[in-house]
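Per-entry structural report
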Amino acid sequence: MDTGIGILSASYYLPPTRKAVADIFRDEEIPQEKLAADVDFQRDIGIEAVHVAGKESAASLALEASRRALQQAALDPKEIDLIFDFTSIPEEYPAPTWSAAGLLQKELGATRALATAVNTGGCASYHTTLKVACAMMAATDRYQTALLFAGDKVPEFNHTYYPITVICDGGSAVILQKGHEKRRILSVEVATAGKIHDVWYIPGFHNRERGDTKGKWLHMTADVPKFNKEVIPINLFMFRKVMRDALARIGRKQHEVSYYVYPTFSTWDQKAFCNAFMIPPEKIFTEGLQRHGHLQETDMVLDYVDALEEGHIKEGDLVMLTTNGAGFSWGAALIQH
Amino acid sequence: MEDLAQREGVNPATVLTLGIEEVPACDTETASSLALAAAREALQRASVEAAQVDVIVDYSILPQEYLVPAWNMSNKLQHELGATKAFTVGFSGGASGNFLMALSAATAMLQTDGKLKTALLVAGDIAIPGNHIVQGNGPVTVLGDSAGAVVLRRDAERAAVVDVEIATRGENHDVCYIPGGALERHEPAMYRLTIDGPRYEAALAGDHLKKAAARLLERSGLTIESISCAILPNVSRAHHARMLEMLGLAREQVCACKLRDQGYLQGTDFVVNYLALTERNALKPGDHVFMVSDGMGYMSAAALLRY
């Protein structure tokens, strides 16, 4: 399988203000529930600071990233046929009634586009969206160019996603074009395990508790015992499945993968992944962890862009982008450089 | 309807003009429990085992049990149905047009991915308490609580999806939305579905949807007169009349409308109206069914099915 679709450009935007992780741990309530992995969450996280949006909105982060991607591609917004918002946490107004897709369509002047949002997958929403976008582009000649974007802004005191990571605010954007010969998307695989749909969730306004003066209804909530019991045992198995299936679709083997882009959750998580799949440090981008922490689904774009710009990915390389999402989903995509 | 209007503090006389006499309303059910029942029914009618489903596509429009997109009902359904090999996708925005968005995406996936044969489209929508009657310049529609499900199968012998055309108007992204309850506003009064009446009126007066529908028909080599049946969202009697006029449809072409009995069910309108049509044996092989939504001024969408 070769979708015949390539990545025309990819970009991101991080708000300029930074907050040290030590200050985040000071300001936020950190749960004390024990982790299955033998780690000290605060000591071993491996993130120094994250970017915080402050007064910038989630959509404005996405808009800036999208403008950068368009500029890089030298593309007129009026040429965009499809716009997909793949943001995985709440935006300005409640979903699924609303998404930022229409707002960005307006702000960019992408007048002929169809603008929608993919609202599943957690941090694997980029893969889910790639799969949908590639299918829609492959199915008709009407869709030649697609803009995929995300804008993530967490509530002020909800940067800690215990027991996984610390969250950075930011936006990302990718432009896909049919027939683009470089950075070709060869295959995309997504898997979901519905049983663990509620390991991570945000309660929502209608579930707010009496006396919630801190806006906890808008905070990411983790079921740590369920995470330990249900997610940890299958996580690497599911990674293996989606990566193997993505490779099998194009008749390639793991040893042919030149470079990996993997989420920036924590040092111990990266180590576990590399050990499980015997990936040497030079074949995976891990630098983003210390620089900015985790950006939900945008990790896949940001770390890909940085790996590319810093010379880790070369012409001819087969690149694997792989992630898990919200405990219940996994994605793998193969990009031929 | 009078009771509902009084409970929601709306003049009953203004609501009765919508042409909606009653709407289904939940008591203790959740949106996902409704969706589960609808999905099971659809799978049973299609004689498809849940384990055969390759992709579950959620087209819900109203807030779910937890906040979307961090959580999505489709994963819970995957588990409860036992759709073990499926993966999940959901779409946001576009009001009833979101069903046609899901239809378009699912059809494309089935057409282009040899590994995917069966898709389950599903939604569960329950109105925010006290918000069944949606206001713009006065009542615009009345929401019924509901769920819908559709099974798509590659190479199915009837009811083939011929084509879908969708276009959006970004400037109308906030004509129909919930102003509070996410990052932007936290006041309880803002947590209700709201329509900007004047902008919605202006959108209906435009030709965006008409052009989208015309593009679809032209691609398919059809005329509006050759359509056997048009399925419209059940927004209101007045909305129907405007859609008929805009699209050049004859009243007898709109032959399956649950407006009076069920009110506006978002994308599930297309499912219940289609089912009403098939249950009346109103379609014969080769008939073209035209599904059209104005997406509350944001998403202009049309789909063509061949029965």
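Quick caveat, the model's predicted, so the values are computed rather than measured. (Residues numbered from 1 in each chain as written. Chains lettered and ligands numbered in written order. Predicted model: local features only at pLDDT ≥ 70, side-chain atom pairs only at ≥ 80, totals over all residues.)

The helix and strand tally for chain A stands at nine helices and 16 strands. Taken over the C-alpha trace, chain A has a radius of gyration of 19 Å; the compact-globule value for 337 residues is 20 Å, and the two agree within 12%. For chain A, the C-alpha atoms occupy an extent of roughly 55 × 45 × 35 Å along the three principal directions. Long-range pairs, those at least 24 residues apart, make up 81% of the contacts in chain A between residues at least 6 apart in sequence. (Helix = DSSP H or I, 4+ residues; strand = E, 2+ residues; numbered from the N terminus. Rg over C-alpha atoms; globule rule 2.2 N^0.38 Å. Contact = placed C-beta atoms within 7 Å.)

A few words now on the interface of chain B and chain A. With 51 residues of chain B at the interface, the matching set in chain A holds 51 residues. Going through the elements one at a time, helix 4 (73-81), strand 2 (87-92), helix 5 (97-112) and strand 7 (160-168) of chain B are the ones with two or more residues in the side of chain B that touches chain A. As paired elements, strand 5 (residues 114-118) of chain A and strand 2 of chain B share two bridges and run antiparallel to each other. Its bridge partner being in strand 2 of chain B, Val118(A) is matched across the sheet by Phe91(B). (Pairing = 2+ DSSP bridges.)

Here we take up helix 9 (residues 299-309) of chain A. The buried fraction of helix 9 of chain A amounts to nine of the 11 residues, a majority that puts the element mostly inside the structure. Asp299(A), Met300(A), Val301(A), Leu302(A), Asp303(A), Tyr304(A), Val305(A), Ala307(A) and Leu308(A) are the residues of helix 9 of chain A that are buried. (Buried ≥ 20, exposed ≤ 12 C-beta atoms within 10 Å, placed from the backbone.)

Looking now at helix 7 (residues 208-220) of chain B. Residue and element names in this part refer to chain B. Here helix 7 contains 13 residues, and its C-alpha end-to-end distance of 19 Å stays within 8% of the 18 Å for a straight helix at 1.5 Å per residue. Inspection of helix 7 places His208, Leu209, Ala212, Ala213, Leu216 and Leu217 among the buried residues, and these make up the whole buried set. Buried residues along helix 7 sit against strand 7, helix 8 (237-247), strand 11 (288-293) and strand 12 (299-306). (Expected span 1.5 Å × (residues − 1).)

We now examine the packing of helix 3 (residues 58-73) of chain A against helix 4 (residues 101-108) of chain A. Residues and elements named next belong to chain A. Close contact between helix 3 and helix 4 brings their axes to 10 Å; oriented N to C, the two are set at 45°. What the angle tells us is that helix 3 and helix 4 run oblique. In this structure, the crossing between helix 3 and helix 4 has a hand that is right-handed. Across the interface between the two elements, Ala59, Ala62, Leu63 and Ser66 from helix 3 touch Leu103, Leu104, Glu107 and Leu108 from helix 4. Split by residue class, the contact of helix 3 with helix 4 holds six nonpolar, one polar and one charged. (Axes fitted to C-alpha atoms, helices over the stretch in contact; angles between N-to-C directions. Parallel < 35°, antiparallel > 145°, perpendicular 65-115°, else oblique. Left-handed = near helix turned anticlockwise from the far one by under 90°. Nonpolar A, V, L, I, M, F, W, Y, C, P; charged D, E, K, R; others polar.)

All names here are of chain B. Interhelical geometry of helix 3 (residues 31-46) versus helix 4 gives an angle of 50° and a closest axis separation of 10 Å. Our classification of the angle between helix 3 and helix 4 gives oblique. The element helix 3 and its partner helix 4 pack so that their crossing is right-handed. Taking contact as the criterion, the partners of Ala31, Ser32, Ala35, Leu36 and Ala39 in helix 3 are, on helix 4, Met73, Lys76, Leu77, Glu80 and Leu81. When the residues that make up the contact of helix 3 with helix 4 are grouped by side-chain class, the tally is seven nonpolar, one polar and two charged.

On to the sheet that holds strand 12 of chain B. Residues and elements named next belong to chain B. One open sheet accounts for four strands, arranged 7-12-11-10; its pairing is mixed. At either margin of the open sheet sits one strand with a lone partner, and together these are strand 7 and strand 10 (229-231). Shown here is a sheet whose adjacent strand axes are inclined to one another by a mean of 15°, direction ignored.

Membership of the largest hydrophobic core comes to 231 residues, with the highest contact counts inside it found for Ala62(A), Ala133(A), Ala35(B), Ala39(B), Ala105(B), Ala106(B) and Leu121(B). Per-element accounting of this core gives the leading share, 10 residues, to helix 5 of chain B. In this structure Ala62(A) touches Ala100(A), Leu104(A), Phe149(A), Ala150(A), Gly151(A), Gly171(A) and Ala173(A), once residues within four positions along its chain are discounted. (Core = buried A, V, L, I, M, F, W, Y, C linked by C-beta atoms within 7 Å.)

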